[in-house]
Amino acid sequence: MSLLEGIIEAFSLILTLDPYLIKIALLSLQVSAVAVLLATLAGVPLGTFLGLKPRERTRFISKLLYTLMGLPPVVAGLVIYLLLSRVGPLGFLGVLYTPTAMVAAQFALAVPIIAALTMIGIRSSGKEVQETARTLGAGRFLTAWTVVRESRFAIFGAIVTGLGRVIAEVGAVMIVGGNIEGHTRVMTTAIVLETAKGHLELAVGLGIVLLFISFIINSLLYNFQGGGKGSVW
Amino acid sequence: MSGNKIILEVKKLSKVYDKEVLNIEHLSFHKGKIYGIIGPSGAGKSTFLRLVNLLESPTKGYIYFKGEKIFLNDHTAALARRDMTMVFQKPLLFHTSVAENIAYGLKARRFPKEKIKARVEALLEKVGLKEFAGRHAATLSGGEAQRVALARAVAFEPALLLLDEPTANLDPTNVQLIEQLILELNKDTEMTIIIVTHNIFQARRVAREVVFLHEGHIVEAGETKKIFTSPEDPRTKAFVEGRMVY
Amino acid sequence: MGQLFTNIRKIKRNGPVFLLLVAAFCFFLTGFLVSGCAQDADPAPVPEQNGEESPANGDAEETLPDEFITLATTTSTYDSGLLDVLLPAFTEKYGPEVRVISQGTGQAIETGKRGDADVLLIHDRPAELVLVEEGHVTDRQDVMYNDFIIVGSPKDPAGIKEIDSLDEAFATIASGEHTFVSRGDDSGTHRKELVFWENAGVEPEGDWYLSVGKGMGDTLRMTDEKEGYTMTDRGTYLSLKDTLDLEIVLEGDPALFNQYGIMAVNPENFPHVKYESVLKLIDFMVSPEGQEIISSFQIGGEGLFFPGKGVED
């Protein structure tokens, strides 16, 4: 099969809303969205906290976060696998090879990115915002909220970057999800499988959907980096 | 009668970074007056304000606000901040509308909605920005922004207002506007105001009493007229006559 | 009392850390919700039941808990498509949904040992017997077999088509340093291949021997690209034949028979194993009905698997 044939076939699968393809794409979005949502709840407070600390005092944890940002997904997957496996410390939960496990792995991948990029964003003006808010009598939570709100474009950028990373990764979800059809099969693992099985048109179709989603994500990111001005397109 | 009541007092206050930048044995401020803190760059003026406003902890010494010792890291900080505020040299306005900015301190204090609205409107009028309520803060000029910052600071009528070089970057028209606002505020509300400035003319125009800081120490303090006309210390004399190089 | 207040203040000061904990909690909560959603989409809702016997009224077939079991198998088995026919027939008849994870044989064995699956369907008989002996699995049955074949580019530069003996063929490939692509992934196929090299008295080393660490499909694809030789199970080769420019160069040597076994993960080690349903699946696979499905499963007009026990023992 040539690439062109693959693309034509792929588009017909997309346009006819092939149920197999749609289901996989939706599960991908669902898992990644939940993972990023939770990573946001953890990463934004952490990044904000670190961003307001003096640079010298966060040197070690900054380095750690930057390292984890580049963590190979398979390593994250392996760690989560060992944790969730029946003989592992969290084995009693019985969530290995479920979407929950995939969410856990993607969460682990997204938190360092969201925390680190939030930290960088907060550092640029967070200290002044914090002082201004405090000076105006804001309590701890209002101050924190104000700092976050004032850095919202950087933070949205961080979140979208996290989403872009997790939705496109394959190593971690393959290990902890098991690529079970109809249950834990997402776009990236399906592409690996369908390529191995020689169903290239399906693989290409999924690839196109994934590219399209990435395009939307990056358009959003571009938009946020421009300070929220201009349209998505 | 309120003129004799001490609102702010510091004792043995010092701050050391790499070296000592501030060391004040004792200083007190009375309710309802405007004080000027003057001195060359590096005299410790801004550090003093940051310590008083609990943005940093002193290395040693105590700050008494309305008779109570206040500290950065405990519940006294929240109490102190409810009734004092500060305007910075470069104002930071939040990325919202002008009206939202002015309302910030009121919302933090859970003022009722109607009251917030009324007060924001009154303040906008006072600082001459009546038409600007819905404007995004980022679109303001430097002078307009500083006026909004001032309105935002005094909206909740603090007992003590700290001003850190509030007009340093402004054009003469805005300087005059802000100075006028400061005087009016003090007259209308008996707000105690401490203004840090390196501009001796501003101190003379606005302050009733002046503290001259030099290399972290108080060289001389007293009535503005006295400091400017008959200073006791040669360094004060040099500074008020504009002969001190800084 | 004062102590208490200090602690509360500490918690407040550590707000972000606190939020982190909250987030971790939410994470598991939401995670379960997601799995819940995904299951809603499945035909059978899945209440958890641990082999508790329901009251027997009527056929045993109707009293199986309405649950899913996890089957770990090898990529080659999965890619053949047999399970897509076999498992729906089982589910329709008995109820339990079977979720399939396809892995290399080594990984599938590990998955079983760790209790991460309920049942294994693999093809490494010696290793399986060890698993039984060590008590990791129980109720092992020989369910079917197929055979391995050696495939290569139609040009056949080593002239393997003229050879009938596997040992000789491997020795010829090695001595001529003809490209050979190995799975290199510790799968059953890979393990078998290593045994064959040993039997042929050859160390598979050198530029001609490519250990790619991939599944069978990818390995075949790379063999095609490299115009080399590889060892494959017949099923995967047949299912991919049309997309490859590879021919069978050697088949039929008795050593090439490949026995598949099915076995339950030992419920004594892992109480969560859904033993009832697993036993039912094993029974079904070796029942006349299951064996019939296996033997009639074809790709491109050719049978892939032979029911029951193969020649080796």
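All values reported here derive from a predicted model rather than from experimental measurement.

Novice: Pulling in residues and values, what's your account of the pattern of salt bridges?
Specialist: One pass over the full model with this rule turns up 31 salt bridges over all chains. Across the pair Glu251 of chain C and Arg234 of chain C runs a salt bridge, and its minimum N-O distance is 2.6 Å. On the criterion of sequence distance, the pair formed by Glu251 of chain C in the loop between β8 (247-250) and β9 (257-265) and Arg234 of chain C in helix α10 (residues 234-240) is long-range, its members being 17 residues apart. Through salt bridges with shared partners, one network takes in Glu131 of chain A together with Lys15, Arg50 and Glu56 of chain B.

Novice: Give me empty space enclosed by the protein: which residues, what numbers.
Specialist: A complete count under the given rule lists three cavities of 30 Å³ or more for this structure. A volume near 70 Å³ is recorded for the largest cavity. Lining the largest cavity, in full, are Thr132, Thr135 and Leu136 of chain A together with Met86, Val87, Phe88, Pro91, Leu92, Ala149, Arg152 and Ala153 of chain B. For the lining of the largest cavity, the secondary-structure elements that each account for two or more residues are α5 (99-135) of chain A together with β6 (84-87) and α5 (142-154) of chain B. The element best represented in the lining of the largest cavity is α5 of chain B, accounting for three residues. Its residues placed into classes, the lining of the largest cavity shows eight nonpolar, two polar and one charged.

Novice: Describe the domain arrangement of chain C, and please don't skip the residues or the numbers.
Specialist: Residue and element names in this part refer to chain C. Each assigned domain of chain C is listed with its residue range as follows: domain 1 (61-146 + 258-307) and domain 2 (147-257). Taken together, the 18 residues of domain 1 in the interface contact 18 residues of domain 2. Each partner contributes to the roughly 1,400 Å² buried at the junction of domain 1 and domain 2, and carbon and sulfur atoms together form 55% of this total. Taken together, the links from domain 1 to domain 2 amount to one salt bridge. Between Arg191 and Asp124 there is a salt bridge whose closest N-O contact spans 3.2 Å. Joining domain 1 to domain 2, the criterion identifies three residue pairs in polar contact (both at pLDDT 80 or more). Listing elements by their share of the side of domain 1 that touches domain 2, those giving two or more residues are α3 (75-80), α5 (105-113), β4 (137-152), β9 and β11 (302-303).

Novice: Any chance you could break down a nonpolar patch on the surface for me, citing the residues and the numbers?
Specialist: A cluster of nonpolar side chains, contributed by Val74, Val75, Val79 and Leu83 of chain A, occupies part of the molecular surface with about 270 Å² of accessible area. Within the element layout of this structure, Val74 of chain A appears in helix α4 (residues 73-84).

Novice: Can you lay out the pairing of strand β7 (residues 160-164) of chain B for me, pointing to particular residues and giving the numbers?
Specialist: All names here are of chain B. Of all the five residues making up β7, five are buried; the element is thus mostly covered by neighbouring parts of the structure. Burial of β7 is two-sided: the residues Leu160, Leu162 and Asp164 facing one way and the residues Leu161 and Leu163 facing the other way are all buried. Here four bridges tie β6 to β7, and the two strands are oriented parallel to one another. Along β7, the bridge assignment pairs Met86 with Leu162. Strand direction decides the pairing type here: β7 and strand β8 (residues 192-196), joined by five bridges, are parallel. Its bridge partner being in β8, Leu163 is matched across the sheet by Ile195. A crossover connection joins β7 to the parallel β8 through helix α6 (residues 172-189); in handedness this β-α-β unit is right-handed.

Novice: With reference to specific residues and values, describe the sheet that holds strand β5 (residues 68-70) of chain B.
Specialist: All names here are of chain B. Strand order in this open sheet of four strands is β2-β1-β4-β5, and the pairing throughout is antiparallel. Of all the strands in the sheet, just β2 (20-30) and β5 have a single pairing partner and so form its edges. With strand direction ignored, the average angle separating the axes of adjacent strands in the sheet is 25 degrees. Pairing of strand β1 (residues 6-16) with β2 involves nine bridges; the strand directions are antiparallel. Considered in β2, the bridge of Lys15 is made with Leu22. Along the sheet, helix α1 (residues 45-52) makes contact with β1, β2, β4 (60-65) and β5, crossing β2 at roughly 60 degrees.

Novice: I'd like a description of helix α7 (residues 152-168) of chain A, backed by residues and values.
Specialist: All names here are of chain A. Compared with the 24 Å implied by 1.5 Å per residue over 17 residues, the 24 Å span of α7 between its first and last C-alpha is a close match. Among the residues of α7, those classed as buried are Ile155, Gly157, Ala158, Ile159, Val160, Gly162, Val166 and Ile167. Residues of α7 that are buried sit in contact with α2 (19-52), α5, α6 (140-150), α9 (187-197) and α10 (200-225).

Conventions used here
Residues numbered from 1 in each chain as written. Chains lettered and ligands numbered in written order. Predicted model: local features only at pLDDT ≥ 70, side-chain atom pairs only at ≥ 80, totals over all residues. Heavy atoms only, no water. Salt bridge = Lys/Arg side-chain N within 4 Å of Asp/Glu carboxyl O. Helix = DSSP H or I, 4+ residues; strand = E, 2+ residues; numbered from the N terminus. 1 Å grid on protein atoms, 1.4 Å probe; cavity = no way out; pocket = protein on both sides within 12 Å on 5 of 7 lines; lining within 4 Å. Points joined across faces, edges and corners; volume = space filled by probe spheres on them. Nonpolar A, V, L, I, M, F, W, Y, C, P; charged D, E, K, R; others polar. Domains from an automatic or database assignment. Contact = heavy atoms within 4.5 Å. Buried area = accessible area lost by both parts, 1.4 Å probe. Polar contact = N/O pair within 3.5 Å; in protein donor to acceptor, adjacent residues only side chain to side chain. Patch = residues over 30% accessible without salt bridge, like charges linked within 9 Å, V, L, I, M, F, W, Y side chains within 5 Å. Areas by Shrake-Rupley, 256 points an atom, 1.4 Å probe, with all protein chains shown as cover. Buried < 20%, exposed > 50% of the residue type's maximum accessible area, 1.4 Å probe, protein only. Pairing = 2+ DSSP bridges. Right-handed = clockwise from strand over helix to strand, strands pointing away. Axes fitted to C-alpha atoms, helices over the stretch in contact; angles between N-to-C directions. Expected span 1.5 Å × (residues − 1).

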